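Chains, contacts and geometry: an overview
Given next are the chains, with one letter for each unit.
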Amino acid sequence: MRVFLLPLSLQSSPISSFPKCKSLLTRSPLFFTPPVSVNLKNRRIYHQQTVSVPPKGRRISLLSKLTICFVYFCCKFVLLFQRVEVINKEALDQALKKRDQSVGLLTISNHLSVVDDPLIWGMLPVKQFFEELGRFRWVPGAHDICFTNWWYSKFFSLGQVISLNRKRGLHQPAMNQCLDLLNEGAWLHFFPEGKINQTGSFHPFRYGSARMIVEADRHPIVIPFYISGLDKVMSESRKIFFLPSLFQDIKIYFGTPMDFSDVLEQHMKQCADESLTNDPRIARRMRRIRWVSCLRTISQKIENEMIALKACHTKT
């Protein structure tokens, strides 16, 4: 008999107020995979997924800040030799300045190259960067790319990258940690395509960002933005792996904060409806369908916004 355990982070989420939904998720192999034994204190096994633990203590915290500062100024240097244009950055500025400490920030973008995450934050002014250094962004990173050896694991962990296994689904330890950070008011960045895409069209969006929106204790601030030009800076067909191309046109189009309250309210009402059927099996099946439908609706809404931002790029 297979047993599927509910992550602890779901106990404080809104869905825990609906016992039937919680019972469904604990029994559904569609959303849960059997947990593997992960030792948070021993990170010598790299072929299995490990969980990046937020640094604790003054020394580790200082190392993390120094690592982030080092990467930031390296990106600043690289951007000096690029032509960068940022559109509607005011949306991000207002979210960083005016958001409540208990409200998380979720930024979402397309994924063009291996340097997307550091370079897009390298466009932040120095003053703004140091203001946000204490609560800088967290980002999931592929464990088979960023955590393949001890040096990579230590470097990316100090850079606030969370080891994510892209084959383990929505309810793996890394996704639960992302949800915990978001509930604590942290800033998360997601690449919903799940991998680098230089084809010019979007891959189907995965449901990780949708789960963050649905299960967060408080509705996070969601800001999508579209990136162009970084596929030329670090092309997948480049001859020298670590050498970026210079004097390329990079454009970043920030969208307005997205509101999903209508989708969430409709989903919660459907989950709370106990008059679905008297048959518990059919009821569980119906709730499962509605849960997937909610994730799909949110992901589709994000993808439509990204398509609209891309259309603005093609017009210019």
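Figured I'd write up the structure that's included with this text. (Residues numbered from 1 in each chain as written. Predicted model: local features only at pLDDT ≥ 70, side-chain atom pairs only at ≥ 80, totals over all residues. Heavy atoms only, no water.)

Throughout the structure, instances matching the rule amount to ten salt bridges. Between Asp-100 and Arg-218 there is a salt bridge, with the nearest N and O atoms lying 3.4 Å from each other. Residue Asp-100 is found in the loop between helix 3 (90-98) and strand 2 (105-109), and its partner Arg-218 is found in the loop between helix 9 (208-215) and strand 6 (221-228); the two are separated by 118 residues along the sequence. Classification of Arg-218 as partly exposed rests on a relative accessible area of 44%. Asp-117 serves as the salt-bridge partner of Arg-137, at 2.6 Å between the closest nitrogen and oxygen. Taken as a pair, Arg-137 in the loop between helix 5 (126-132) and strand 3 (139-142) and Asp-117 in helix 4 (residues 116-122) lie far apart in primary sequence, 20 residues in all. Each of the two residues, Arg-137 as well as Asp-117, counts as buried. (Salt bridge = Lys/Arg side-chain N within 4 Å of Asp/Glu carboxyl O. Helix = DSSP H or I, 4+ residues; strand = E, 2+ residues; numbered from the N terminus. Buried < 20%, exposed > 50% of the residue type's maximum accessible area, 1.4 Å probe, protein only.)

Moving on, we come to the packing of aromatic side chains. Tallying each qualifying case throughout the model produces 17 aromatic pairs. Where Tyr-72 meets Phe-73, the ring centres are 5.1 Å apart and the plane angle is 75°; that geometry is what we call edge-to-face. By relative accessible area, Tyr-72 is classed as buried at 4%. Ring geometry for Phe-147 versus Phe-156: centroids 6.4 Å apart, planes at 45°, classification tilted. When its relative accessible area of 2% is taken as the criterion, Phe-147 is described as buried. (Phe/Tyr/Trp six-rings, centres within 6.5 Å; stacked < 30°, edge-to-face > 60°.)

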